[in-house]
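Commentary on secondary and tertiary structure
Next come the chains, spelled out residue by residue.
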Amino acid sequence: MGFLAFPLFLPLLWRLIVVNASFPTTLEGPFKPVTVPFDNQSYHGNAIDLPDTDPQIQRTVQGFEPEQVSVSLSSDYDSVWISWITGDSQIGDDITPLDPESVYSVVQYGIEGSQMSNEEVGYSLVYNQLYPFEGLQNYTSGIIHHVRLTGLEPSTLYQYQCGDPYISAMSDVFYFRTMPPSSPTNYPHRVAVVGDLGLTYNTSTTLGHLLSNHPDLLVLVGGISYADMYLTNGTGSDCYPCSFDESPIHETYQPRWDYWGRFMQPLVANVPTMVVGGKHEIEPQAEDQIFVSYSSRFAFPSEESGSSSSAYYSFNAGGIHFVILNPYTYYDKSSDQYEWLEADLYNVNRNVTPWLVAVWYPPWYSTFKAQYREAECMRVEIEDLLYEHGVDIVFNAHVHAYERSNRVYNYSLDPCGPVYITVGDGGSREDIAVTHADDPDECPEPSTTADLDIGGGFCGFNFTSGPGAGSFCWDRQPEYSAYRESSFGHGILEVKNETHALWSWHRNRDYYETAGDILYIVREPDRCLANQGN
C-alpha cells in the first residue's frame, strides 16, 4: 500500500511527462493509410473455444454461494452496481426456475483497509431462454442479483463481499476503485476497450494482457459469450448459418454465458465493466423476445441516464462522457433511442466532461470485407447528430481485426470528425478477418451487405466523390483508413487532459506492454465545437 501514499501531484506530473512524449498526434494527420500485411507464418493464437471440461469455467461454489461476480458503473462516480449469480442453472426438457425470493441480495462494503460496515440490499431475478420447437432444450438461469451502492467517495479503493449473510453464503472479498469526479482535470488512468471476446484460448491470452495492464475501467464492445454459436444441445460451429441452416430458430447454448461469467470474474469483479449489446447478444427466443440474457445478467445505468432500455445508456468516467448505442433496436429519428440520444448529447456540459465517446457494435468505417458497410442505414440516421455535438472517438467491434481511422465525416476527411476505432479482435472463435473490401475482386455485392437485424432497408449506395466515385468500394485502402491489421488484441485509452488522450493498441502475440499502434488523439474545441454550433 506504500504506492497509495505517494504524493498526489505525481499522477499530474506523469501526465505532463507523457503528453510531451514523441508519439504522433492527430494534429499531424490525416495519415497516409497503412495496412500491415497478414503473415501466415506468425502465430495468431488459437480461435478454439474452451471446452466444457476446462477448470476455469467449472462451477466451484456450493449451494447459494455467489459466483460470476461483476461490478459496473452507475451514471456518475458516487455509485456502482454489484452483480452476481447464486444457485445452479438448468437446461433440458423439464426445467423448474429457482425462486428469486429464496435468497437475499446483500453487499457489505467499505473503504479498503477499514471495516466493511456499510450494507446495501438489492433485487434478484431469474430469466428463461425458451424455444417452442420440438427437440430444442430450454434453459433457466441461476438467481441473478443486482445491488446498487450509492454515496461513494471519488477515486477511492473499496472492498466488498456479496451474497446472503443470513445463510452464511458470502463471496470472497473483491475490490473496485470509483471513478474520479467529472471535471476537465480528472480522468481514469486507463480505460481498456475490447470487443468480440468470446471464450477461446485467444480470449485467455486477451484476459491475461488486460489484467497485466491494470485498467481502471473496461468497455466490452459487444460479442460477449458467443453462446449463439451453439445449438441447445451444446454442438458448436465456427459458422452457425453454414452448419445449422435447418434450425427453426437461431439457437443458443446458454451455459456458455455461465462459463464466461466464471472465466472473466478475476477481471470484472474488480474492474468496473460496461457491456455493449451486439449481434451475438440478440438471442431470439419464444414470443419474439431478444437480448434477454444480456439485459438480465448485467446492470446498466439506464434509468440513471434517462434511458428506458438497457440497449442504450450513458455514463461519466471523470471528464469523459460515454454514450452507448444499439443498432439492433429502433434508431431512426422518430425512435425512442434517437430522441434519448438527442437529449443526452444536448445535456453534455463540455466544460465538465470535455471528452465525448460513443460506442456501439457494428462499425461504419471498417474497410474489411467482413461486415462491410452493413450498418450504413444507422450511419445515415445518426452520423450528423454525432458530428454536430463534436463526438471525439467512436469504438466499434464486430469485425475481427483492428482498424483506426483518420478523422472522418460522411466518408470525407474532416479535422472535426471523430476517430473511429474497430476493436473486434478480442479472440472469438470466428477467427480473424483478413480480406479487405478494396482487395482485387473482393468488393462484396452491395445487395448482400445490409444486415436485416439492423433494419432500415438498403442504404449502401455507391460513393459519389473521391477515388471511389461510382463504386461501392475503393480500389485501394481508403484515405479515411489510417491503420489496419489482422491481429487479436485490445486497446487502452489514457486521457491526459482536456485536449490530449493517448490511444494504444496491444497485440496478443506481443508482450502486453508493447503497443502495435499508438498515437495521441487531440481535441480542438475552439476550432471544432464553434464550427459545429455546440
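Given the structure is predicted, the values throughout are model-derived calculations rather than measurements.

**Here we look at the sheet that holds strand β4 (residues 90-92)**
The strand order across the open sheet built from three strands is β4-β9-β8, with neighbouring strands paired in antiparallel fashion. In this open sheet, the two edge strands, each paired with only one partner strand, are β4 and β8 (128-129).

**Remarks on the packing of aromatic side chains**
Under the criterion given, the structure shown has 33 aromatic pairs. Between Trp81 and Tyr123, the aromatic rings sit 6.4 Å apart at their centres with planes inclined by 85°, giving edge-to-face as the arrangement. Separated by 42 residues along the polypeptide, Trp81 in strand β3 (residues 80-86) and Tyr123 in strand β7 (residues 123-125) bring together distant segments of the chain. Look at Trp257 and Phe298: their rings are 6.2 Å apart centre to centre, the planes differ by 65°, and that puts the pair in the edge-to-face class. Remark: Phe298 occurs in the loop between α5 (292-297) and β17 (313-317) and Trp257 occurs in helix α4 (residues 255-268); sequence separation between them is 41 residues.

**Remarks on the nonpolar core**
Counting 123 residues, the largest nonpolar core has Ile82, Tyr160, Leu217, Phe322 and Trp503 as the members making the most contacts within it. Top element by residues in this core is α4. It accounts for seven residues. Leu217 has contacts with Leu73, Met179, Arg190, Val191, Ala192, Val271, Pro272, Met274, Phe315, Ala317 and Phe322, leaving out every residue within four places of it along the chain.

**Some words on the pattern of salt bridges**
Going through the model one piece at a time under the given rule, you end up with 26 salt bridges. A salt bridge links Arg256 to Asp49; the nearest nitrogen and oxygen atoms lie 3.7 Å apart. On the criterion of sequence distance, the pair formed by Arg256 in helix α4 and Asp49 in the loop between β1 (34-36) and β2 (67-73) is long-range, its members being 207 residues apart. Of the two residues, Arg256 and Asp49, neither departs from the other in class, the shared state being buried. For Asp49, the salt bridge goes to Arg429, with nearest N and O atoms at 3.1 Å. Of the two residues, Asp49 is situated in the loop between β1 and β2 and Arg429 in the loop between β24 (419-423) and β25 (481-485); the sequence distance between them amounts to 380 residues. In this pair, the class of Asp49 matches that of Arg429, namely buried.

**Considering the state of the cysteines**
Counted according to the given criterion, the structure contains four disulfides. Linked covalently through their sulfurs, Cys239 and Cys242 form a disulfide whose S-S length is 2.0 Å. With the S-S dihedral at roughly 55°, the linkage between Cys239 and Cys242 falls on the right-handed side. Residue classification places Cys239 among the partly exposed residues on the basis of a relative accessible area of 26%. The class for Cys242 is exposed, based on a relative accessible area of 58%. With its sulfur 2.0 Å from that of its partner, Cys377 forms a disulfide with Cys459.

**Some details on unusual backbone geometry**
Along the chain, Gly29 connects to Pro30 via a cis peptide bond; the corresponding omega equals 5°. Looking at where Pro30 falls in the secondary structure, it is placed in the loop between α1 (9-19) and β1. Residues other than glycine seldom take positive phi values, yet Ser155 does so here, at roughly 50°.

**Thoughts on the UniProt feature "domain: Purple acid phosphatase C-terminal" (unreviewed entry) in the protein**
Per the UniProt record, the feature "domain: Purple acid phosphatase C-terminal" (unreviewed entry) sits at residues 472-510. Between the C-alpha atoms that bound residues 472-510 the distance is 36 Å, and the span itself is 0% helix and 51% strand.

**Quick notes on the side chain of Ser237**
Turning to its location among the elements, Ser237 is positioned in the loop between β15 (217-220) and α3 (240-243). Excluding anything up to four places from it in sequence, Ser237 contacts Met229, Ser243, Phe244 and Arg429.

**Section: the environment of Asn270**
Tracing the chain through its elements places Asn270 in the loop between α4 and β16 (273-275). Note on Asn270: relative accessible area 26%, which makes it partly exposed. For Asn270 and Gln68, which are 202 residues apart along the polypeptide, the C-alpha to C-alpha distance reads 12 Å. Those residues in contact with Asn270 that lie beyond four places of it in its chain are Val71, Phe174, Tyr175, Phe176 and Gln265. At 2.9 Å, the side chain of Asn270 and the backbone nitrogen of Tyr175 are in polar contact.

**Section: empty space enclosed by the protein**
Counted by the stated rule, this structure contains seven cavities of 30 Å³ or more. Roughly 130 Å³ of volume is contained in the largest cavity. Gln68, Val69, Ser70, Trp84, Ile85, Ile144, Trp257, Trp260, Gly261, Val268, Arg297 and Phe298 are the residues that line the largest cavity. Of all the elements in the fold, those that place two or more residues in the lining of the largest cavity are β2, β3 and α4. Considering every element that reaches the lining of the largest cavity, the biggest residue donor is α4, with four residues. Tallied by class, residues from the lining of the largest cavity come to eight nonpolar, three polar and one charged.

**Digging into the pairing of strand β21 (residues 402-405)**
Because side chains alternate across β21, one face comprises the buried residues Tyr402 and Arg404, and the other comprises Glu403 and Ser405, equally buried. Across three bridges, β21 lies against β24 in antiparallel orientation. Of the residues in β24, the one forming a bridge with Glu403 is Thr422. The sheet contact formed by β21 and β25 spans four bridges and is antiparallel. Looking across to β25, one finds that Ser405 is bridged to Ser481.

Calculation rules
- Residues numbered from 1 in each chain as written.
- Predicted model: local features only at pLDDT ≥ 70, side-chain atom pairs only at ≥ 80, totals over all residues.
- Heavy atoms only, no water.
- Pairing = 2+ DSSP bridges.
- Helix = DSSP H or I, 4+ residues; strand = E, 2+ residues; numbered from the N terminus.
- Phe/Tyr/Trp six-rings, centres within 6.5 Å; stacked < 30°, edge-to-face > 60°.
- Core = buried A, V, L, I, M, F, W, Y, C linked by side-chain atoms within 4.5 Å.
- Buried < 20%, exposed > 50% of the residue type's maximum accessible area, 1.4 Å probe, protein only.
- Contact = heavy atoms within 4.5 Å.
- Salt bridge = Lys/Arg side-chain N within 4 Å of Asp/Glu carboxyl O.
- Disulfide = S-S within 2.5 Å.
- UniProt positions renumbered as here; feature names shortened; annotations may be inferred.
- Polar contact = N/O pair within 3.5 Å; in protein donor to acceptor, adjacent residues only side chain to side chain.
- 1 Å grid on protein atoms, 1.4 Å probe; cavity = no way out; pocket = protein on both sides within 12 Å on 5 of 7 lines; lining within 4 Å.
- Points joined across faces, edges and corners; volume = space filled by probe spheres on them.
- Nonpolar A, V, L, I, M, F, W, Y, C, P; charged D, E, K, R; others polar.

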